[in-house]
Protein chains: 2
Amino acid sequence: MEYVTGVSKKETVEISEILSGDFEGKQVKVNGAVHTIRDMGEVAFVILRKREGLLQCVFEEGKTKFDLKELKEASTIEVEGTVRAEHRAPNGFEVRLDTIRVLSEPAEQLPFAISKWKLPTTLETNLDHRAIALRNVRERAKFRIQEGVVRGFRDFLYSEGFTEIHTPKIGAKSAEGGANLFRLEYFHRPAVLQQSPQFYKQMMVGVFDRVFETAPVFRAEKHNTKRHLNEYTSLDFEMGYIDGFEDIMAMETGFLQYTVKLLERDYAKELKMLGVTLPNVEQIPAVRFDEAKQKVAEKYHRQIRNPYDLEPEEEALIGQYYKEECGADFVFVTHYPSKKRPFYAMDDPADPTYTLSFDLLYHGLEITTGGQRIHDYQMLLDKIEKRGMTTEGMEQYLAVFKYGMPPHGGLGIGLERLTMKLVGEDNVRETTLFPRDLSRLEP
Amino acid sequence: MEYVTGVSKKETVEISEILSGDFEGKQVKVNGAVHTIRDMGEVAFVILRKREGLLQCVFEEGKTKFDLKELKEASTIEVEGTVRAEHRAPNGFEVRLDTIRVLSEPAEQLPFAISKWKLPTTLETNLDHRAIALRNVRERAKFRIQEGVVRGFRDFLYSEGFTEIHTPKIGAKSAEGGANLFRLEYFHRPAVLQQSPQFYKQMMVGVFDRVFETAPVFRAEKHNTKRHLNEYTSLDFEMGYIDGFEDIMAMETGFLQYTVKLLERDYAKELKMLGVTLPNVEQIPAVRFDEAKQKVAEKYHRQIRNPYDLEPEEEALIGQYYKEECGADFVFVTHYPSKKRPFYAMDDPADPTYTLSFDLLYHGLEITTGGQRIHDYQMLLDKIEKRGMTTEGMEQYLAVFKYGMPPHGGLGIGLERLTMKLVGEDNVRETTLFPRDLSRLEP
């Protein structure tokens, strides 16, 4: 019998260790995938792709003990060599190769050149060969930034006293928006996939006061736009003992401020690679729905067609307006009309045709919907009745209100949309590892 | 127009602030839910439930400006009063009440006394009224510990160079284990819910070298046991450039060591409340499958009925054996028979009837399955053919191997099972917020 005692240091070194300078002139062992080979005759540059980036290795005819003809792009290898400072190498260091050991070889040549700076494919081809296309360093950088956003969300909320929860994605049919649900059979009973953790996170406010979840949600919407997916990752939080929905907006602003700092600190390499300018999150303007509509109509000479909803073009113009008027990347649009918000939204006591709710627009695209919720049992029952809805299937949800709930509110952020805007893409599929849409169920 | 500038300090204080001692003798404002009221005549103890715990407030007839008869359990309130050191109060401090303001009131009395130390209900009743039962402080403590486990997993893996990924849960039917899949209709096409992120995390090893995901998985198994759920949270990682499956076990041990320290540091209150003794993770024995079977058969005079599989009772006895022989809480059982492992498991070159794989048992219960995977394209095709399987639906998965993959392996950890064992429960539903099983689709 043997004992496992934990992670021990590997013989192989990582790029950040080489860049520290401590290894200059020293012999190192490194592994990675052969990203590309540039054969210059006497020497060849073997570029290794590793998790931290690319590493320039120099093959020297006669010195490196290996036949270069035997080395294929997309092989994985382990090499030994000497670290040298070289100002023409990326980040100033390269490895002069002594030996190469092949760990694995591809069976075929790659279908397209993933080593190009920009992937030479259409989005469709990219998505059809997704797991290969993502090996391109700029493609994968987007998902490192996405990681930073989720980390920022969680770390910030932990620090604000939130508890992380995991709620079920399969459920019995509930009353919240029936048309957009995926249906499945659950041991001979009808079931649906949750379109949001809304009911569960509210229930958990009665337990932990403040909760969050980062998990997939499912929408069976027959949209085919650049900004919709049928499965996406939702960053959700819900908090009790609020003084108003302004507390929710303040918490989201805090998250954005924290995350921008986190990205600057830990994801600088990826931001630089993608040429990202981080947004201004010091102060985010908040404007009423009706006021925003009016301002945009006036400035851009646009007729208001539907006073109860914002069209995508109107959202874009609101983004443009606040960018032009006060350099804002984000805008909170508040007080959405009650008829366009779910039954659990708290109506504004000052004018119940509006709600104490908001959307957050990022360069004119909605990335968040949030607001204060109704916490009073009778008020909730009244609103359900007024809307002609049934309470069937909502007994457990309603019970938490029956047995007392604090004033509360929360929001949901679409991770892929937020990432898309951060990295400057205009199709949400670009920032989704394996998108699900009307036509795409694979890979 | 106004600006939102981030989170500002609230007027209300939290329990940890009161316990710091800085507020002794001072006037504070606090909010929370009325957990219970103990009326002693001249004074009454109003126990507030807040996210950080319970707070003893003292109502004094004539001094506190409020009619105690108006105060209901399960109301949420905001109070003002003076902090006093009081050794009989939990944690040594209490608040002498001046005023009480009711934020919300319940419509009905609670169906059972959630303020009891141990919830006076059966598990069935608990689950039927889940969102209410979880308001019990010991019930909710389990899920704080669960949070600590997930935090530990993520933070440790970030520090080891892993990238977090989000893979789709809806997919086309793939070849991995067809019987246990939930089926749904996806815009008039057949689809399934993923039973693990296995294929995706392997694909992503070709991109980031090391990846992890913490997300729900779905198993349509008709089990009805204390340790099975039909939806659970899986902690998955996959890492490339391994020297062998021992690297995976080392990484898991590192995670456990890190997490035990994290729990000791940040979740001490909850551990104490549940009387948890954290497991020994300094060194974890690793024993071969056949050897473990043999040892248990000898020591406990048990006949080996099936040489290719471990029965639950055998797993329990292996746990007992290593607890008795070397005080171990965990045991790695390695080299499972090939016929009991999926096609992508790497067979042991020394004896291909066994695999380079393992399970981790915690007090005799399997909480992890992992191992080295096949990374060679032809080897993978050969094994698929040998098993009489089809490659249909696996084209994208197989493509990553066609275009080169490093030696790699990984594992999946059942979060609810690990939490169950940590807190000393014996039914996985006790450590699942809203369980899904054969009979339970709600709440």
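Residues numbered from 1 in each chain as written. Chains lettered and ligands numbered in written order. Predicted model: local features only at pLDDT ≥ 70, side-chain atom pairs only at ≥ 80, totals over all residues. Heavy atoms only, no water.

Now for the overall build of chain A. Along its length, chain A carries 12 helices and 19 strands. A principal-axis box enclosing the C-alpha atoms of chain A has dimensions of 85 × 65 × 40 Å. Burial analysis of chain A (443 residues in total) assigns 61% to the buried set. Contacts spanning at least 24 positions in sequence make up 64% of the contacts within chain A whose residues lie at least 6 apart. Here chain A holds 60 positive side-chain charges and 71 negative ones, and the gap between their average locations is 3 Å. (Helix = DSSP H or I, 4+ residues; strand = E, 2+ residues; numbered from the N terminus. Buried < 20%, exposed > 50% of the residue type's maximum accessible area, 1.4 Å probe, protein only. Contact = heavy atoms within 4.5 Å. Lys, Arg positive; Asp, Glu negative; His and termini not counted. Charge placed at Lys NZ, Arg CZ, Asp CG, Glu CD.)

Across the contact, 123 residues belong to chain B and 123 residues belong to chain A. Taking both sides of the interface into account, the surface hidden between chain B and chain A amounts to around 10300 Å²; carbon and sulfur atoms contribute 60%. Put simply, chain B and chain A have 6 salt bridges between them. Among the salt bridges present, the one from Lys10(B) reaches Asp243(A), with a minimum N-O distance of 2.7 Å. Here chain B and chain A share 58 residue pairs in polar contact (both at pLDDT 80 or more) between them. Per-element tally for the side of chain B that touches chain A: the top contributor is helix H4 (residues 137-159) of chain B, with 10 residues. Counted by class, the side of chain B that touches chain A contains 61 nonpolar, 28 polar and 34 charged residues. Of the pairings in the sheet, the one linking strand S13 (residues 284-288) of chain A to strand S1 (residues 2-4) of chain B comprises 3 bridges and is antiparallel in character. By the bridge assignment, Ile284(A) is partnered in S1(B) with Val4(B). (Buried area = accessible area lost by both parts, 1.4 Å probe. Salt bridge = Lys/Arg side-chain N within 4 Å of Asp/Glu carboxyl O. Polar contact = N/O pair within 3.5 Å; in protein donor to acceptor, adjacent residues only side chain to side chain. Nonpolar A, V, L, I, M, F, W, Y, C, P; charged D, E, K, R; others polar. Pairing = 2+ DSSP bridges.)

Taken in spatial order, the 9 strands line up as S1(A)-S13(B)-S14(B)-S17(B)-S18(B)-S19(B)-S12(B)-S11(B)-S7(B) in an open sheet, and their pairing is mixed. Strands with a single pairing partner mark the edges of an open sheet, and in this sheet they are strand S1 (2-4) of chain A together with strand S7 (163-164) of chain B.

On to unusual backbone geometry, then. All names here are of chain A. Note that the residue after Glu 442, namely Pro 443, is joined by a cis bond; omega there is -10°. Non-glycine residue His 301 carries a positive phi angle of around 50°. Tracing the backbone through its elements, the reader meets His 301 in the loop between helix H8 (289-299) and helix H9 (312-326).

Let us look at the pairing of strand S16 (residues 351-355) of chain A. Residues and elements named next belong to chain A. Bridging between strand S15 (residues 347-348) and S16 involves 2 bridges; their strand directions are antiparallel. Bridge pairing in S16 links Asp 347 to Thr 355. Between S15 and S16, which pair antiparallel in sequence order, lie 2 residues.

For the rest of this paragraph, the subject is the relation of the copies chain B and chain A. Turning one copy of the chain about an axis and sliding it along that axis gives the other copy, so a rotation and a shift relate them. By a simple turn and slide, chain B fits onto chain A: the slide is 0.0 Å along the axis, the RMSD is 0.0 Å, and the turn is 180°. What the superposition gives is, in effect, a two-fold axis relating one chain to the other. Rotation axis and chain B: the residue whose C-alpha lies nearest the axis is Leu184(B), separated from it by 2.3 Å. The share of interface residues of chain B whose copies in chain A are also at the interface is 100%, consistent with both copies meeting through the same surface. (Least-squares fit on C-alpha atoms with pLDDT ≥ 70 in both.)

Right, let's get into helix H11 (residues 395-402) of chain B. The element H11(B) is largely enclosed, with a buried count of 6 among its 8 residues. As for H11(B), its buried residues are in contact with helix H3 (130-133) of chain A together with helix H5 (198-208), helix H10 (377-386) and strand S19 (408-414) of chain B. Gly404(B) lies just past H11(B) and shows a positive phi near 95°.

Segmenting chain A into domains produces domain 1 (15-104) and domain 2 (137-431). One C-alpha centre belongs to domain 1 of chain A, the other to domain 2 of chain A, and the line joining them spans 46 Å. (Domains from an automatic or database assignment.)

Residue and element names in this part refer to chain A. Reading around the barrel, the 5 strands line up as S2-S3-S4-S6-S5 and close back on themselves, with mixed pairing between neighbours. Across the sheet, the axes of successive neighbouring strands diverge by a mean angle of 55°, strand direction being ignored. Relative to strand S6 (residues 93-104), strand S4 (residues 53-60) is paired through 2 bridges, and the arrangement is parallel. In the sheet register, Cys 57 faces S6, and the bridge partner there is Val 95. (Axes fitted to C-alpha atoms, helices over the stretch in contact; angles between N-to-C directions.)

This brings us to the side chain of Asp329(B). Residue and element names in this part refer to chain B. Mapped onto the elements of the fold, Asp 329 is located in the loop between helix H9 (312-326) and strand S14 (330-334). Among the polar contacts listed, one links the side chain of Asp 329 to the backbone nitrogen of Asn 280, at a separation of 2.7 Å. Polar contacts involving the side chain of Asp 329 include one to the side chain of Lys 323, which spans 2.7 Å.

With that out of the way, let us pick up the environment of Ile145(A). Residue and element names in this part refer to chain A. Tracing the backbone through its elements, the reader meets Ile 145 in helix H4 (residues 137-159). In this structure Ile 145 comes out as buried when scored by relative accessible area, which is 1%. Linking Ile 145 and Thr 419, residues 274 residues apart in sequence, is a C-alpha distance of 7.2 Å. Leaving out residues up to four positions away in the same chain, Ile 145 has contacts with Leu 263, Tyr 267, Glu 270, Leu 271, Leu 274, Val 276, Leu 422 and Val 423.

Here we take up the packing of helix H10 (residues 377-386) of chain A against helix H11 (residues 395-402) of chain A. All names here are of chain A. Where H10 contacts H11, the axes come no closer than 8 Å and their chain directions differ by 140°. Here H10 is positioned oblique relative to H11, judged by the angle of their axes. Together, Tyr 377, Leu 380, Leu 381 and Ile 384 of H10 and Tyr 397, Leu 398, Phe 401 and Lys 402 of H11 make up the contact between the two elements. Residue composition of the contact of H10 with H11, grouped by class: 7 nonpolar, no polar and 1 charged. (Parallel < 35°, antiparallel > 145°, perpendicular 65-115°, else oblique.)

A separate point is the UniProt feature "binding site: L-aspartate" (unreviewed entry) in chain A. Residue and element names in this part refer to chain A. UniProt annotation of "binding site: L-aspartate" (unreviewed entry) refers to Glu 176, Arg 219, Thr 369 and Arg 373 when read in the numbering used here. Counting through the fold element by element, Arg 219 comes out in the loop between strand S11 (210-218) and strand S12 (231-240). When neighbours within four sequence positions are excluded, Arg 219 is seen to be in contact with Asn 180, Phe 182, Gln 195, Ser 196, Leu 229, Asn 230 and Tyr 232. Taking the relative accessible area as the measure of exposure, Arg 373 reaches 6% and is therefore buried. (UniProt positions renumbered as here; feature names shortened; annotations may be inferred.)

Take helix H12 (residues 415-423) of chain A next. Residue and element names in this part refer to chain A. Taking burial as the measure, the 9 residues of H12 include 8 buried ones, the bulk of the element. Leu 415, Glu 416, Arg 417, Leu 418, Thr 419, Met 420, Leu 422 and Val 423 are the residues of H12 that are buried. Once H12 finishes, Gly 424 follows within two positions and takes phi at roughly 80°, a positive value.

What follows covers the packing of aromatic side chains. Taken as a whole and assessed by the stated rule, the structure comprises 40 aromatic pairs over all chains. Ring geometry for Phe182(A) against Phe187(B): centres 5.6 Å apart, planes inclined by 70°, an arrangement best described as edge-to-face. Taken together, the positions of Phe182(A) in the loop between strand S8 (170-171) and strand S9 (183-186) and Phe187(B) in the loop between strand S9 (183-186) and strand S10 (189-193) put the pair across two chains. Residue classification places Phe182(A) among the buried positions, given a relative accessible area of 2%. Aromatic pair Phe343(B) and Tyr397(B): ring centres 6.3 Å apart, planes at 90°, arrangement edge-to-face. Residue Phe343(B) is located in the loop between S14 and strand S15 (347-348), and its partner Tyr397(B) is located in helix H11; the two are separated by 54 residues in the primary sequence. What makes Tyr397(B) buried here is its relative accessible area of 1%. The rings of Phe153(A), Tyr158(A), Phe162(A), Phe212(A), Phe237(A) and Phe255(A) are connected pair by pair, giving a single aromatic cluster. Directly above the ring of Tyr158(B) sits Arg151(A), whose terminal nitrogen or CZ lies 4.0 Å from the centroid. Lying across the ring of Tyr321(A), Lys299(A) places its NZ or CZ 5.3 Å from the centre. (Phe/Tyr/Trp six-rings, centres within 6.5 Å; stacked < 30°, edge-to-face > 60°. Lys NZ or Arg CZ within 6 Å of the ring centre and 35° of its normal.)

Let us now look at the side chain of Glu314(B). Residues and elements named next belong to chain B. Following the sequence through the fold, Glu 314 ends up in helix H9. A relative accessible area of 3% places Glu 314 in the buried class. Setting aside anything within four residues of it in sequence, one finds Glu 314 in contact with Lys 293, Arg 302 and Asp 309.

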